[in-house]
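# Summary of structural features
What follows is each chain in one-letter form.
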Amino acid sequence: MNAVNSFEDKLPDKVLYYLEKHWQKIFLTLLLVSGLALRVLLAEKIPLWNDEAVTANVARSLSENGMPALPSGKEYWRGFPYVLLVSISERVFGHGDIATRLPSILIGTGTIALTYIGGKELFNQNTGLVAASIVTFLPWQLAWGIQVRMYVMLQFLYLTSVILIYRIGEKAKARDILLLALTISIGMATHRTAYILPVIAAGYLLGVNMRSLNLRKLLLVFVPAAAAFITQLAYENYVDLLN
């Protein structure tokens, strides 16, 4: 304790004031740096496994032939938004493990910041920092955060959509509504688990706005859901959704 006090006494008052006022931002920055470093280190040390190889081969086919296909020649459209990111990363940085895993590494690191934002908006800054710390160091998050699979992107889009649904429920803004339509649409194209998001959005926002009986807001509620379903129809079909 005396050593800590002695160290604080040596710091200029301006530095102490800055640390006290912005310690949450400093802590979040340290989490982001730590999370990025851990993910890069693990991505370099751990070789790709079978499922990752499937996505990597499809992404390579997309970058070389313009079509996402398996080595057998069969077209593979599952998780196409994520495959597209991997394809772009390989075209820019080459075909090494780090380049192939770079989209997951960056998205996984971004999820740390997004978790902080969600915790802060729903509760407070300290809750956001605790949640972000868990995402930074949790082994499960580290494992999925480096793999060449669409799940880390799904998690990011899912969490973004939930935050936007909450924001729109508090105060509907055109920007947030359009962004929600985008995140839900890309999420549904990334993984079928996101098919629940239009239902969540419509159900939650309908329930919130029914209390105020604002017909304009009620109509806006259906914009993200309608956009998501239209995108899914154009992207593939409703078979998976109905199943």
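Residues numbered from 1 in each chain as written. Predicted model: local features only at pLDDT ≥ 70, side-chain atom pairs only at ≥ 80, totals over all residues. Heavy atoms only, no water.

### Examining helix α6 (residues 125-137)
Residues spaced three or four apart along an α-helix point in a common direction, a consequence of the helix completing one turn every 3.6 residues. Note the cut-off: Each helix is a run of H or I in the DSSP string that is no shorter than four residues. Each strand is a run of E no shorter than two, and both are numbered from the N terminus. To estimate how far a helix should extend, the number of its residues minus one is multiplied by 1.5 Å. Type-normalised accessible area, obtained with a 1.4 Å probe on protein chains alone, sets the label of each residue: buried when under 20%, exposed when over 50%, and partly exposed for intermediate values. When we speak of the arc, we mean the arc of directions from the helix axis to the C-beta atoms. Here a polar contact is taken to be a pair of N or O atoms separated by no more than 3.5 Å, where protein atoms must pair a possible hydrogen donor with a possible acceptor and residues adjacent in sequence count only if both atoms sit in side chains.
The end-to-end C-alpha distance of α6, which contains 13 residues, comes to 19 Å, matching closely the 18 Å that a straight helix rising 1.5 Å per residue would cover. Among all positions of α6, only Gly128, Leu129, Ala132, Ser133, Val135 and Thr136 are buried. On an axial view of α6, the arc spanned by its buried residues comes to 165°, and they lie on one face. For α6, the capping residue at the N-terminal end is asparagine 124, with a side-chain oxygen 3.2 Å from the backbone nitrogen of asparagine 126.

### Quick word on the packing of aromatic side chains
Filter applied, for reference: Any Phe, Tyr or Trp ring, taking Trp's six-membered ring, that has another such ring centre within 6.5 Å forms a pair; planes under 30 degrees apart are called stacked, those over 60 apart edge-to-face, and the others tilted.
Per the counting criterion, the structure on display carries two aromatic pairs. Taking 5.1 Å as the distance between ring centres and 50° as the angle between the ring planes, the aromatic pair formed by tryptophan 77 and phenylalanine 80 counts as tilted. Residue tryptophan 77 is classed as partly exposed on the basis of its relative accessible area, which comes to 37%. A ring pair is formed by tryptophan 144 and tyrosine 151, whose centres lie 5.1 Å apart and whose planes are at 80°; its orientation type is edge-to-face.

### Focus: a nonpolar patch on the surface
Rules: Patch definition: residues with relative accessible area over 30% and no salt bridge; like charges joined within 9 Å; nonpolar side chains (Val, Leu, Ile, Met, Phe, Trp, Tyr) joined within 5 Å. In short, Shrake-Rupley with a 1.4 Å probe defines the accessible areas, and a residue's cover is counted only from the protein chains shown. What makes a salt bridge here is a side-chain nitrogen of Lys or Arg within 4 Å of a carboxyl oxygen of Asp or Glu, nothing more.
A cluster of nonpolar side chains, contributed by Leu84, Leu85, Ile88, Val92 and Phe93, occupies part of the molecular surface with about 460 Å² of accessible area. Relative to the elements of secondary structure, phenylalanine 93 occurs in helix α4 (residues 80-93).

The quantities given are spatial measurements derived from coordinates; they are silent on function.
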